[in-house]
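Breakdown of the fold
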Amino acid sequence: MNNKFLENLNLASLIAPVTTQEFLSRYWEKQPLIIHRKDSNYYGNLFTLNDYDDAITRDPSYVKVADAIAKKNVSYSPLFVQGLEQTLEDFRGGATLVLDQLQNKDPKLGLLCRTLAQEFSHRLQTNLYLTPPHGKGFTPHWDNHDVFILQVEGYKHWNIERERRVVPMEGEKQGDQGRELRGDLHTFTLNRGDIAYIPQGFVHAAECGPEASLHITLGIHSVNWSDLLRALITASMKLNEDIRGMLPFGFMHAPQSDLVRSTAAILRRMSDEEFLNVFMTNFRDECVKGFKMDISGQILEFLRPAPLLITDVVGPRPGIVYQLQSGDDSIEVKFGSRSIVFLGIFQEALGFALKTPSFVIRTLPGNLAEVERIVLIERLIQEGLVVRK
């Protein structure tokens, strides 16, 4: 699975040569960004036509077929001969083939999503779009989440409206109305190695020229303010019995000012900093549970354990999302649905082990004996947080 792009992946490399600071201040959630690199090998073998051919034959749950010209948008099950036949027929007729959430089945795409999720604090997914020459998959539309478009084979012509149509509500989808391009447009061609970022609510459309196109849509499954506020209300209700019941008797007829004062008092209690600090810790711990874990190699590590030496080189498993929480004389690491508590003497070494890409076990910081350093790394390897290099 050697891939230079994945080995050095972070937000900075994803959007290079645009800087992270410029991206977050000017583009993130604000406006589209188009990057032309003139480097067709920028993504290397991240996902090739051969990979797509293999993926579509490895029994995906479904294959989506989209053809804006024929006004066709259906899904076929590869479990049936008719589904396979129709998929090929539609593709040869100009339809785009779509494989959704392929990060769950392809190791390279899984690593792509996990690595960025660690930095973003939001989960990501990949949809793969293969369009034949002169094909056009979808009519103009906006998405209800932000996306990055990574062009990995061929090229594709794009139009994106310069003004956002809407900031969608959670789960909101565009209807059949308004599916046409309006006003000033970003008009451009994404070539192999290029990338575009499209925030939610911006109408866009794409079509192929005389060459087939394969691109990865990297979608952000965000944790929104609405998620946090709903969780905050739930936490407040658990703590305060007096807001679990009914609104006051006859509230529809009572002075509105009474209801306003009562509501304001509840909101003031919810904004207490001590309460919010406890809530935020619990909220982030719950968020950790939603990030996908990678257990590759752990079965072999268990069945064929090899002794660790103080001179061995190790590093954190790529894409692990975790939270560290210090106690009076302890340090707790939370990941997935699990948590492990270590003695406080391991705090410095634990933070170093989970953040340093590659290190010799002997170089772990802290006042630790060699055997303590080895025991710490053995436990982290057992839990899948650290891997041998």
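Look up: the structure comes first, before these words.
Because the structure is a prediction, the values reported are computed rather than measured.

1. As for the overall build of the protein
- From N to C terminus, the protein includes 12 helices and 17 strands.
- In terms of its C-alpha atoms, the protein occupies a principal-axis envelope of roughly 75 × 65 × 45 Å.
- Counting only residues that meet the buried cut, the protein has 43% of its 389 residues in that class.
- Restricting the contact set of the protein to residue pairs at least 6 apart, pairs at least 24 apart contribute 76%.
- Working note: accessible area of the protein is about 21,700 Å², and carbon and sulfur atoms make up 54% of it.

2. Points about the environment of P17
- The topology assignment puts P17 in the loop between helix 2 (11-15) and helix 3 (20-27).
- Considered as a pair, P17 and E301 are 284 residues apart in the sequence and their alpha carbons are 39 Å apart.

3. Overview of the sheet that holds strand 13 (residues 322-326)
- Taken in spatial order, the 3 strands make up an open sheet running 13-14-15, and their pairing is antiparallel. The open sheet has two free edges, formed respectively by strand 13 and strand 15 (338-343), since each of these has just one partner strand. Neighbour-to-neighbour, the strand axes of the sheet open up by a mean angle of 20°, direction not taken into account.
- Where strand 13 lies against strand 14 (residues 330-335), 5 bridges are found, and the strand directions are antiparallel. Looking at the pairing, Q323 lines up with K334 of strand 14.

4. With respect to the nonpolar core
- Among the nonpolar cores identified, the biggest contains 46 residues, and L14, F23, F47, Y52, L128, F148 and L150 are the most heavily contacted of them.
- Among the elements that line this core, the one with the most residues is helix 6 (residues 107-120), at 7 residues.
- Setting aside residues no more than four positions away along its own chain, L14 makes contact with F5, R37, L116, F148, L150 and I195.
- Judged by nonpolar contacts, the second largest core, of 26 residues, contains I320, I361, L380 and L385.

5. What about the pairing of strand 9 (residues 195-198)?
- Burial of the side chains of strand 9 extends over both faces: I195 and Y197 are buried on one face and A196 and I198 on the other.
- Across 3 bridges, the pairing between strand 1 (residues 33-35) and strand 9 is antiparallel. Bridging across to strand 9, L33 finds its partner in Y197.
- Pairing between strand 6 (residues 147-153) and strand 9: 4 bridges, direction antiparallel. Bridge pairing in strand 9 places F148 opposite Y197.

6. Some points on the environment of H145
- Within the fold, H145 resides in the loop between strand 5 (123-131) and strand 6.
- Considering only alpha carbons, one finds H145 and G219, 74 residues apart in sequence, at a separation of 6.8 Å.
- H145 has contacts with I198, Q200, G219 and I220, leaving out every residue within four places of it along the chain.

7. Some thoughts on the sheet that holds strand 2 (residues 63-67)
- Strand order in the open sheet formed by 8 strands is 1-9-6-11-5-4-2-3, and the pairing between neighbours is antiparallel. Edge strands, defined here as strands with exactly one partner in the open sheet, are strand 1 and strand 3 (72-76). Each strand axis lies, on average, 20° off the axis of its neighbour in the sheet, ignoring direction.
- Bridge count between strand 4 (residues 96-100) and strand 5: 4 bridges; the pairing is antiparallel. Note that in strand 5 the partner of D100 across the bridge is N127.
- Lying on the sheet, helix 4 (residues 49-57) is in contact with strand 2, strand 4, strand 5, strand 6 and strand 11 (213-221); it crosses strand 4 at an angle near 70°.

8. Quick look at the side chain of Q103
- Of note, Q103 is situated in the loop between strand 4 and helix 6.
- Among the residues examined, Q103 registers a relative accessible area of 11% and is labelled buried.
- Among the polar contacts listed, one links the side chain of Q103 to the backbone nitrogen of T126, at a separation of 2.9 Å.

9. Brief notes about the pattern of salt bridges
- Under the definition given, this model contains 18 salt bridges.
- Of the charged contacts in the structure, one is a salt bridge between D285 and K334, with a shortest N-O distance of 2.5 Å. Pair noted here: D285 is in helix 9 (residues 273-288) and K334 is in strand 14, with a separation of 49 residues, a long-range link. Both residues of the pair, D285 and K334, count as buried.
- Among the salt bridges present, the one from E370 reaches R362, with a minimum N-O distance of 3.8 Å.
- The class of R362 is partly exposed, set by a relative accessible area of 45%.

10. As for unusual backbone geometry
- The peptide bond linking A16 to P17 adopts the cis configuration, its omega dihedral lying at 10°.
- Within the chain, K71 stands out as a residue other than glycine whose phi angle is a positive 55°.
- Inspection of the secondary structure assignment puts K71 in the loop between strand 2 and strand 3.

11. Remarks on the packing of helix 11 (residues 347-355) against helix 12 (residues 370-382)
- Running from N to C, helix 11 and helix 12 cross one another at 45°; their axes reach a closest spacing of 11 Å. Accordingly, the angle class assigned to the pair helix 11 and helix 12 is oblique. In the crossing of helix 11 with helix 12, the sense of the turn from one axis to the other is right-handed. Touching A349, L350 and A353 of helix 11 are L376, I377 and L380, all from helix 12.
- Looking at the contact of helix 11 with helix 12 residue by residue, the classes come out as 6 nonpolar, no polar and no charged.

Each value, and the rule that gives it
Residues numbered from 1 in each chain as written. Predicted model: local features only at pLDDT ≥ 70, side-chain atom pairs only at ≥ 80, totals over all residues. Heavy atoms only, no water. Helix = DSSP H or I, 4+ residues; strand = E, 2+ residues; numbered from the N terminus. Buried < 20%, exposed > 50% of the residue type's maximum accessible area, 1.4 Å probe, protein only. Contact = heavy atoms within 4.5 Å. Areas by Shrake-Rupley, 256 points an atom, 1.4 Å probe, with all protein chains shown as cover. Pairing = 2+ DSSP bridges. Axes fitted to C-alpha atoms, helices over the stretch in contact; angles between N-to-C directions. Core = buried A, V, L, I, M, F, W, Y, C linked by side-chain atoms within 4.5 Å. Polar contact = N/O pair within 3.5 Å; in protein donor to acceptor, adjacent residues only side chain to side chain. Salt bridge = Lys/Arg side-chain N within 4 Å of Asp/Glu carboxyl O. Parallel < 35°, antiparallel > 145°, perpendicular 65-115°, else oblique. Left-handed = near helix turned anticlockwise from the far one by under 90°. Nonpolar A, V, L, I, M, F, W, Y, C, P; charged D, E, K, R; others polar.

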